[in-house]
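Given next are the chains, with one letter for each unit.
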Amino acid sequence: MENNRFDVNVELNIDTVQSGELTHTKISEPGQFIQMGDSMYLRFNESLDNDDTASILVKITESGEIHVKRVAKSTNLASLLYFTHQKHNTGHLETEYGILPLQTFTKDSKVEIVSNPLSGKINIDYDLIYDNNVIGNYKFRLIFSA
């Protein structure tokens, strides 16, 4: 599967706990799965209010590290977060006011990809940290299939 591109259906569920409140986000969109060299990518859009979208790119490296980049041009927000099983990572949130450094602590992560038929799951449980304070606990559940 070197340098191959496939159309897939993506379902992403994110549970967020911030300040004791649980929020659930569900995204169900068409996307693309791309394999370039030893890395795999999932690209899809998130529908926002006012017929707007945010583009999301999920990269899975050969070592199992997961990168999630989200860009919403209409709100001038972009984030890049890194996830490595049982490790702290540094990422950031770009706003119109500047760049905010963020950290993640990946409590658990699991990637399962099957090539025939193409499908997969990416699960990430993590804490989002700003200025040494945990600002949220997240459960990221992505399922895709061709």
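Going by the structure above, here's the rest.
So, how was this worked out
Within each chain, residues carry numbers counting from 1 in the order of the written sequence. A pLDDT threshold of at least 70 governs which residues receive local features in this predicted model, and a stricter bar of 80 or more applies before side-chain atom pairs are shown or counted, although totals over entire chains, interfaces and linings include all residues. Note that water and hydrogens are dropped before the side-chain values are worked out from all heavy atoms of the structure. We count a stretch as a helix when DSSP gives it H or I for four or more residues in a row; a strand needs E for two or more, and each element gets its number in order from the N terminus. To get the radius of gyration, use the C-alpha atoms; to get the globule rule, take the number of residues to the power 0.38 and multiply by 2.2 Å. Strand pairing is defined by DSSP finding a minimum of two bridges between the two strands. Fitted lines through C-alpha atoms give the axes, limited to the stretch in contact for helices. The angle between two N-to-C directions lies from 0 to 180 degrees. Only heavy atoms enter the contact rule, under which two residues are in contact if any of them lie within 4.5 Å. For our purposes a nonpolar core is just a set of buried Ala, Val, Leu, Ile, Met, Phe, Trp, Tyr and Cys residues, chained together by side-chain atoms within 4.5 Å. Partly exposed describes any residue whose relative accessible area lies between the buried limit of under 20% and the exposed limit of over 50%, with all areas from a 1.4 Å probe on protein chains only and scaled to the type maximum. Think of a polar contact as two N or O atoms within 3.5 Å of one another; within protein, one of them needs to be a possible hydrogen donor and the other a possible acceptor, and neighboring residues in sequence only count if both atoms come from side chains. By salt bridge we mean one thing: a side-chain nitrogen of Lys or Arg within 4 Å of a carboxyl oxygen of Asp or Glu.

Enquirer: Even after reading the chapter, I still don't get the overall build of the protein chain, so can you show me in this structure?
Expert: The number of helices and strands found in the protein chain is zero helices and 10 strands. For the protein chain, the succession of helices and strands along the chain, N to C, is β-β-β-β-β-β-β-β-β-β. The globule rule puts the C-alpha radius of gyration for 146 residues at 15 Å, and the 15 Å found for the protein chain is close to it. Oriented by its inertia axes, the alpha-carbon framework of the protein chain measures out at about 45 × 40 × 25 Å.

Enquirer: Would you mind showing me how to read the sheet that holds strand β9 (residues 118–130) here?
Expert: Hydrogen bonds between backbone groups are what pair the strands of a sheet, and the pairing can be parallel or antiparallel. If you trace the 10 strands once around the closed barrel, you get β1-β2-β3-β4-β5-β6-β7-β8-β9-β10, paired in antiparallel fashion. Adjacent strand axes in the sheet meet at a mean angle of 25 degrees, parallel and antiparallel pairs treated alike. Note that β9 and strand β10 (residues 133–145) share 12 bridges and pair antiparallel. Residue pairing across strands places Lys121 opposite Ile143, the latter belonging to β10.

Enquirer: In this structure, what is going on with the environment of Lys69? I would like to understand it.
Expert: Within the fold, Lys69 resides in strand β5 (residues 66–72). The spacing of Lys69 and Pro30 is 39 residues in sequence and 17 Å in space, taken between C-alpha atoms. Dropping the residues within four chain positions of it, Lys69 is found in contact with Ser55, Ile56, Leu57, Ser79 and Leu80.

Enquirer: Please explain the nonpolar core as it appears in this structure.
Expert: In globular proteins that are soluble, nonpolar side chains generally tend to be buried together. Grouped together as the largest cluster of nonpolar side chains are 26 residues, with contacts concentrated most on Leu42, Val58, Ile122, Phe140 and Leu142. Of all the secondary-structure elements, those providing two or more residues to this core are β1 (4–18), β2 (21–36), β3 (39–47), β4 (53–60), β5, β6 (77–83), β9 and β10. Ranked by residue count, the leading element in this core is β9, at five residues. Not counting chain neighbours up to four residues away, the residues in contact with Val58 comprise Met40, Tyr41, Leu42, Phe44, Ile66, His67, Val68, Ile122, Phe140 and Leu142.

Enquirer: Mind showing me how you'd approach the side chain of Glu29 here?
Expert: Considering the arrangement of structural elements, one finds Glu29 in strand β2. Side chain to side chain, Glu29 and Ser47 meet in a polar contact 2.7 Å long. Leaving out residues up to four positions away in the same chain, Glu29 has contacts with Val8, Asn9, Val10, Asn45, Glu46 and Ser47.

Enquirer: How should the pairing of strand β7 (residues 88–95) be read in this particular structure?
Expert: If a strand is regular, its side chains alternate between the two faces of the sheet. The sheet contact formed by β6 and β7 spans three bridges and is antiparallel. Residue pairing in the sheet places Ser79 in a bridge with Leu93 of β7. Where β6 hands over to β7, the hairpin turn is made up of four residues, of which Gln86 adopts a positive phi near 60 degrees. Summarising the sheet, β7 and strand β8 (residues 98–115) pair through eight bridges and their orientation is antiparallel. Residue pairing for β8: Thr90 is matched across the bridge by Gln103. What sits between the antiparallel neighbours β7 and β8 is a turn of two residues.

Enquirer: So what exactly am I meant to see when it comes to the pattern of salt bridges here?
Expert: Pairs can form between side chains of opposite charge once their charged atoms are near each other. A full pass over the atoms with the stated rule returns six salt bridges. Measuring nitrogen to oxygen at the nearest pair gives 2.8 Å for the salt bridge that ties Glu46 to Arg70. Pair noted here: Glu46 is in strand β3 and Arg70 is in strand β5, with a separation of 24 residues, a long-range link. You can call Glu46 buried: its relative accessible area is 12%. The exposure class of Arg70 is partly exposed, given its relative accessible area of 25%. Across the pair Asp125 and Lys139 runs a salt bridge, and its minimum N-O distance is 3.5 Å. One end of the pair, Asp125, is in strand β9; the other, Lys139, is in strand β10, and 14 residues separate them in sequence. Asp125 gets classed as buried once you look at its relative accessible area, which sits at 13%. Among the residues examined, Lys139 registers a relative accessible area of 40% and is labelled partly exposed. Taken together, the salt bridges that share partners define one network made up of Asp125, Lys139 and Arg141.

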